[in-house]
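Here are the chains, one letter per residue:
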Amino acid sequence: MTHVSSNENGMSLTATQLDAYLARIGVERPLRLDIGSLSQLHRAHLMSFTWEALDAFMGWPSAITPAAAFAKMVEKRRGGWCYEMNGLFGAALAGLGFCVTRLCGGVDRERLGDIAIGNHLTLRVDLDHPYLAEVGVADAIIEPVPLATGPISQRGFDFSIIPVDGGWLRFNNHARGIAKSFDFRPDHSDEAAMVATQDWLMRDPGSPFTNALALLRHTADGYVALQNNCLRRVTANSLIEQRITSADHLADTFETVFDLDIPQPGKVWERLQAIGREKAA
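Visitor: Any chance you could explain the nonpolar core here in plain terms?
Guide: Across soluble globular proteins, nonpolar side chains have a tendency to be buried as a group. In terms of nonpolar packing, the biggest core is built from 68 residues, with Y21, L41, W51, W81, L88, F89 and F171 touching the most fellow members. Residue contributions to this core peak at nine residues, all from helix α5 (residues 82–96). Contacts of F171, omitting those with residues within four sequence positions, involve L132, A140, I141, I152, F159, S160, I161, K180, S181, F182 and F184. Core analysis: the next-biggest nonpolar cluster, separate from the first, contains 19 residues, L231, I244, L250 and L272 among them.

Take a look at the structure:
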């Protein structure tokens, strides 16, 4: 097993970075490394950062390292996707002294098969027993859960972890979740597979992120999601949709709904319109 525990491999934040990260999420350095402090950090991270794949959609450069995620998310008021969200969170936890393992997972492996392995980074945190820390799905759990099979309920949303073939576990998202499931093994780390898949997801026309705009952010009782020009506000008992109708509307949504500082939001609107014309044709 590969544990993240030092700055030497670049997977842990430095003391200075850690102070900036904690300030960004509004949490003081925890006094104890326990499930209470892990849960507080997990929730604060999700309430402070937006899941977004704008770099892939716009063809902007992106890197998989936690250092790159820190520069983008903490210093520039951006969000990130699973490699960045879980990568930054895992590096912060490691900097605080938690025992963290970066796990190589596969979103939608139940449909895609093993080719999906590497398209997701998730985290195992070992305390009194192993926990799954997962801030990279964006519309799933808001607090860590024991890394064990069984049903999970948080804020009225129902999830589960079930065993599947070959020692893999499957995290099933709630019924309205955008990512329906991801598979992982508690001891499977493969950085090379994640780097290769991240590159494919960033560049390939077949990637689900190069041809669709996607942003998600947790709210007090659920989450808000932007898929192309459709904004959805979701709780366990409600779903409200509205359409984004202009470049100014999109720019305002980035700022006020998702708390993002997006360069040239008008270019994003132009790309969104172009995609719509291509699909119509």
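From this point on, the discussion continues.
Visitor: I tried to follow the layout of surface pockets on my own but got confused; where do I start?
Guide: Regions of empty space are outlined by a rolling probe, equal in size to a water molecule, passed over the atoms. Roughly 810 Å³ of volume is contained in the largest pocket. V107, N119, L201, P208 and F209 are, among the 30 residues lining the largest pocket, the residues nearest its centre. When residues in the lining of the largest pocket are grouped by element, the largest group, four residues, is from helix α7 (residues 191–203). Looking at the lining of the largest pocket, its residues break down into 20 nonpolar, six polar and four charged. In this structure, the second largest pocket spans a volume of roughly 240 Å³. Looking at the second largest pocket, it is lined by 13 residues, and the ones nearest its centre are D55, P61, K72, K76 and R78. At three residues, helix α4 (residues 66–73) tops the list of elements feeding residues into the lining of the second largest pocket.

Visitor: Before we go on, may I ask you to explain the sheet that holds strand β10 (residues 214–218) in this structure?
Guide: Either a parallel or an antiparallel arrangement is found when strands of a sheet pair, and the pairing is made through backbone hydrogen bonds. Taken in spatial order, the five strands make up an open sheet running β1-β10-β11-β12-β13, and their pairing is antiparallel. For this open sheet the edge positions go to β1 (51–52) and β13 (239–243), each flanked by a neighbour on one side alone. Taken together, the five bridges between strand β12 (residues 230–235) and β13 define a ladder with antiparallel strand orientation. Looking at β13, one finds that R233 is bridged to I240.

Visitor: Can you walk me through α7 in this structure?
Guide: Helical geometry note: an α-helix holds 3.6 residues per turn, so side chains three or four residues apart project in the same direction. With 13 residues, α7 ought to run about 18 Å at 1.5 Å a step, and its terminal C-alpha atoms sit 19 Å apart, in line with that. For α7, the complete set of buried residues consists of A193, M194, T197, Q198, L201 and M202. Around the axis of α7, the buried residues are gathered within 160° of arc, so they sit on the same side. Exposed residues on α7 whose side chains face more than 90 degrees from its buried face are A192 and R203. Considering only its buried residues, α7 is in contact with α3 (54–58), α5, β2 (99–107) and β3 (120–126).

Visitor: Can you walk me through the pattern of salt bridges in this structure?
Guide: Close approach of charged atoms allows side chains of opposite charge to pair. Inspection of every chain in the model, using the stated rule, returns 19 salt bridges. Put simply, D108 and R111 hold a salt bridge, and the shortest N to O gap is 2.8 Å. Residue classification places R111 among the exposed positions, given a relative accessible area of 63%. Within the structure, one salt-bridge network assembled from shared partners comprises R109, E110, D114, D165, R170 and D183.

Visitor: Is there a simple way to think about the pairing of β2 in this case?
Guide: Among the nine residues that make up β2, seven are buried, leaving the element largely enclosed by the rest of the structure. Relative to β3, β2 runs antiparallel, the two sharing seven bridges. When the bridges of β3 are listed, C99 appears paired with D126. In this structure, β2 lies alongside strand β9 (residues 181–184), joined through two bridges in antiparallel fashion. Along β9, the bridge assignment pairs G106 with D183.

Visitor: What is the right way to read the side chain of Q198 from this model?
Guide: Mapped onto the elements of the fold, Q198 is located in helix α7. According to the relative accessible area criterion, Q198 is buried, its value standing at 7%. Q198 has contacts with S62, A63, I64, W81 and Y83, leaving out every residue within four places of it along the chain.

Visitor: I would appreciate a short explanation of the pairing of strand β11 (residues 222–227) in the present structure.
Guide: The side chains of a regular strand alternate, residue by residue, between the two faces of the sheet. Counting buried positions along β11 yields five of six residues, so the element is predominantly enclosed. Across five bridges, the pairing between β10 and β11 is antiparallel. By the bridge assignment for β11, H218 is matched with Y223. Two successive antiparallel strands, β10 and β11, enclose a turn made up of three residues.

Visitor: Where do I start with the packing of helix α1 (residues 15–25) against helix α2 (residues 35–48) in this structure?
Guide: Packed helices, taken two at a time, are described by their axes: the angle between them and the distance between them. For the pair α1 and α2, interaxial distance at closest approach is 9 Å and the crossing angle is 70°. Looking at the two axes, α1 sits roughly perpendicular to α2. Mapping the contact onto sequence places Y21, L22, R24 and I25 in α1 and L41, A44, H45 and S48 in α2. Within the contact of α1 with α2, the residues separate by chemical class into five nonpolar, two polar and one charged.

Calculation rules
- Residues numbered from 1 in each chain as written.
- Predicted model: local features only at pLDDT ≥ 70, side-chain atom pairs only at ≥ 80, totals over all residues.
- Heavy atoms only, no water.
- Core = buried A, V, L, I, M, F, W, Y, C linked by side-chain atoms within 4.5 Å.
- Buried < 20%, exposed > 50% of the residue type's maximum accessible area, 1.4 Å probe, protein only.
- Helix = DSSP H or I, 4+ residues; strand = E, 2+ residues; numbered from the N terminus.
- Contact = heavy atoms within 4.5 Å.
- 1 Å grid on protein atoms, 1.4 Å probe; cavity = no way out; pocket = protein on both sides within 12 Å on 5 of 7 lines; lining within 4 Å.
- Points joined across faces, edges and corners; volume = space filled by probe spheres on them.
- Nonpolar A, V, L, I, M, F, W, Y, C, P; charged D, E, K, R; others polar.
- Pairing = 2+ DSSP bridges.
- Expected span 1.5 Å × (residues − 1).
- Arc of directions from axis to C-beta.
- Salt bridge = Lys/Arg side-chain N within 4 Å of Asp/Glu carboxyl O.
- Axes fitted to C-alpha atoms, helices over the stretch in contact; angles between N-to-C directions.
- Parallel < 35°, antiparallel > 145°, perpendicular 65-115°, else oblique.

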